[in-house]
Amino acid sequence: MSKRRVVVTGMGIVSPVGNDVATAWKNVVDGNSGIGPVTEFDASAYTTRIAGEVRGFDAVDAYFAGTDTPDDERRSIAKDFKRMDPFIHYGIVAGTHAFRQSGLVVTDENAGRVGVAAGAGIGGLHTIEGTALELAEKGPRKVSPFYVPSSIINMVAGNLSIYHGMKGPNIALVSACTTAAHNIGMAMRLIQYGDADAMLAGGAEFATTPTAMAGFCSAKAMSTRNDDPAHASRPWDVGRDGFLLSNGAGMLMLEEYEFAKARGANILAELVGFGMSGDAFHITAPSGDGAELAMRNALHDAGIQPSEVQYVNAHGTSTPVGDLGEAKAIRNVFGEHATKKGQFAVSSTKSVTGHLLGAAGGVEAIFSIQALREGIIPPTMNLVDVDPEVAALGMDLVPNKAEKANIEVVMSNSFGFGGTNGTLVFRRV
């Protein structure tokens, strides 16, 4: 059976650098950081007191943005949203924006062929923490009956399905920081092999909560440049000292090519390759071998040669071990092509967004598609003194300033705790 082609017809984003694609993309290209002091709770006792929070976001206003909506419907959604963790808000809004951009109309005839694949790396910690405290203080009778559905990970997918009448596959893959990439890739597979004609896919996260921040601080995983948040995330720089925790969502509307073409959809890009792998190495320390295998699998799936790729949006979290391992893996996969400035470049947009965990792959897929469409490679900010081992690899890391380029094929990497890896490949249509 030949695989069906899969294209992107819509994109939606909620992020520290903007809550719509145009704003987020401009800030990424201009190198405007979304990292700042934590405001969600009192972080004064924490070793890391900065993060990438979502700002200027009202879930109800964002959901209805650009629509003429009756007051009763608005009140109904507002009532629903009061019973949801913020990560669900982010996912619903980003998914709805992607769905609306696509122009797809769900009908009785096609509803069973349109689905959702959306997860989170951690899920409703904000709600879980609050409920645990309430239980301890007031007892079980005071726990909300909406506690479970307001916090479980699959409720981004579930609510998007309900709100938009999508009766096709409804799944929520969870794979730490690879979550969004895996949901996008598996949605692609469902379309390729005929289980669906269209899928909303990606991930969401709200992880700047007291226990999550405390856990990552105890693991010494995050940067402690508290007095200089804009320059704290610095992938591949010799002074990198950990990632920055961030919130948001990134969602794509995927469709089978002929299905999209028949209805006159505006096709943004084609998703041509998806690769996965497992490090089988360590629960937190990444393996360059696993990253390399995921990229090779994605290229094989796409049926393209390494020399056909012009840009890699790297996982690039600003950790000492992870950045070096991924850089070596990229150099191994792309060989001498990786050293040809003007023909190949690598950058990390986490230098301005921070790390959105389960949403990272969705947000970075959007930036990869924008790079493809706009002919602009976003910079790796704060790259002042390149790690000598990385510099020796000879790759263009797009330091501190965006570069113009003719781009036909892009790759986006996502790697997560437990050694779970995912790579997506997009091509110009």
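The rules behind each value
- Residues numbered from 1 in each chain as written.
- Predicted model: local features only at pLDDT ≥ 70, side-chain atom pairs only at ≥ 80, totals over all residues.
- Heavy atoms only, no water.
- Buried < 20%, exposed > 50% of the residue type's maximum accessible area, 1.4 Å probe, protein only.
- Helix = DSSP H or I, 4+ residues; strand = E, 2+ residues; numbered from the N terminus.
- Arc of directions from axis to C-beta.
- Contact = heavy atoms within 4.5 Å.
- Axes fitted to C-alpha atoms, helices over the stretch in contact; angles between N-to-C directions.
- Parallel < 35°, antiparallel > 145°, perpendicular 65-115°, else oblique.
- Nonpolar A, V, L, I, M, F, W, Y, C, P; charged D, E, K, R; others polar.
- Expected span 1.5 Å × (residues − 1).
- Pairing = 2+ DSSP bridges.
- pLDDT = per-residue confidence, 0-100.
- Polar contact = N/O pair within 3.5 Å; in protein donor to acceptor, adjacent residues only side chain to side chain.

Let's shift gears to helix H8 (residues 210–218). For the α-helix, the turn length of 3.6 residues means that residues three or four positions removed from each other point alike. Among the residues of H8, those classed as buried are Ala212, Met213, Phe216 and Cys217. Seen from one end, H8 has its buried residues packed into an arc of 130°, which puts them on one side. Contacts from the buried residues of H8 go to strand E3 (50–51) and helix H5 (125–138). Phi turns positive, to about 55°, at Lys220, one or two residues after H8.

A few words now on the packing of helix H1 (residues 21–30) against helix H13 (residues 360–374). Packing of H1 against H13 brings their axes to within 11 Å, and their N-to-C directions diverge by 80°. Comparing the axis directions of H1 and H13 gives the class roughly perpendicular. Note on element contacts: H13 touches H1 through Ile366, Phe367, Gln370, Ala371 and Glu374, opposite Val21, Ala24, Trp25 and Val28. When its residues are assigned to classes, the contact of H1 with H13 shows 7 nonpolar, 1 polar and 1 charged.

To continue, consider H13. Over its 15 residues, H13 runs 21 Å from end to end, which matches the ideal 21 Å to within 8%, given 1.5 Å per residue. The buried fraction of H13 is high, at 13 of 15 residues. Gly375 sits one or two residues past H13 and shows a positive phi near 70°.

The next thing to look at is the sheet that holds strand E5 (residues 170–171). Read across the sheet, 10 strands follow the order E5-E4-E6-E7-E1-E8-E14-E13-E9-E10 without closing on themselves; strand pairing throughout is mixed. Strand pairing shows two members of the sheet lacking a second neighbour, E5 and strand E10 (345–347), which therefore form its edges. Here strand E6 (residues 198–205) runs beside strand E7 (residues 248–256); their pairing, made up of 8 bridges, is antiparallel. Note on E7: the bridge partner recorded for Ala198 is Glu255. Most of the contacts of helix H4 (residues 86–102) go to strand E1 (residues 6–14), to which it runs at about 135°, and overall it touches E1, E6 and E7. Strands in contact with H13 are E1, E7, strand E8 (269–278), strand E9 (311–313), strand E13 (409–416) and strand E14 (420–427); relative to E13, the strand with the most contacts, it is inclined by about 165°.

Along E7, 9 of the 9 residues are buried, which leaves the element largely enclosed by surrounding structure. Because side chains alternate across E7, one face comprises the buried residues Gly248, Gly250, Leu252, Leu254 and Glu256, and the other comprises Ala249, Met251, Met253 and Glu255, equally buried. Summarising the sheet, E1 and E7 pair through 8 bridges and their orientation is antiparallel. Within the sheet, the bridge partner assigned to Val14 lies in E7 and is Ala249.

This paragraph deals with the confidence of the model for the protein. Per-residue confidence for the protein gives a mean pLDDT of 97, with 100% of residues at or over 70. The weakest mean pLDDT in the protein belongs to helix H3 (residues 71–81) at 93; the strongest belongs to E7 at 99.

Another aspect to go through is the packing of helix H7 (residues 179–192) against H13. At their nearest, the axes of H7 and H13 sit 5 Å apart, and the two run at 70° to each other. With respect to their mutual orientation, H7 and H13 come out roughly perpendicular. On H13, the residues touching Ala180, Ala181 and Ile184 of H7 are Gly361, Gly362 and Ala365. In terms of residue class, the contact of H7 with H13 is made up of 4 nonpolar, 2 polar and no charged.

The next point concerns the side chain of Thr420. The residue Thr420 is located in strand E14 in this model. Given a relative accessible area of 17%, Thr420 falls into the buried group. Not counting chain neighbours up to four residues away, the residues in contact with Thr420 comprise Ser175, Thr178, His182, Ser277, Ser414 and Phe415.

Once that is clear, we can look at the environment of Ser233. By the secondary structure assignment, Ser233 is in the loop between H8 and E7. Along the sequence, Ser233 and Ser318 sit 85 residues apart, while their C-alpha atoms lie 5.8 Å from each other. If sequence neighbours within four positions are ignored, Ser233 has contacts with Leu244, Thr317, Ser318, Lys350, Ser351, Met381 and Asn382. Polar contacts involving the side chain of Ser233 include one to the main-chain carbonyl oxygen of Lys350, which spans 2.8 Å.

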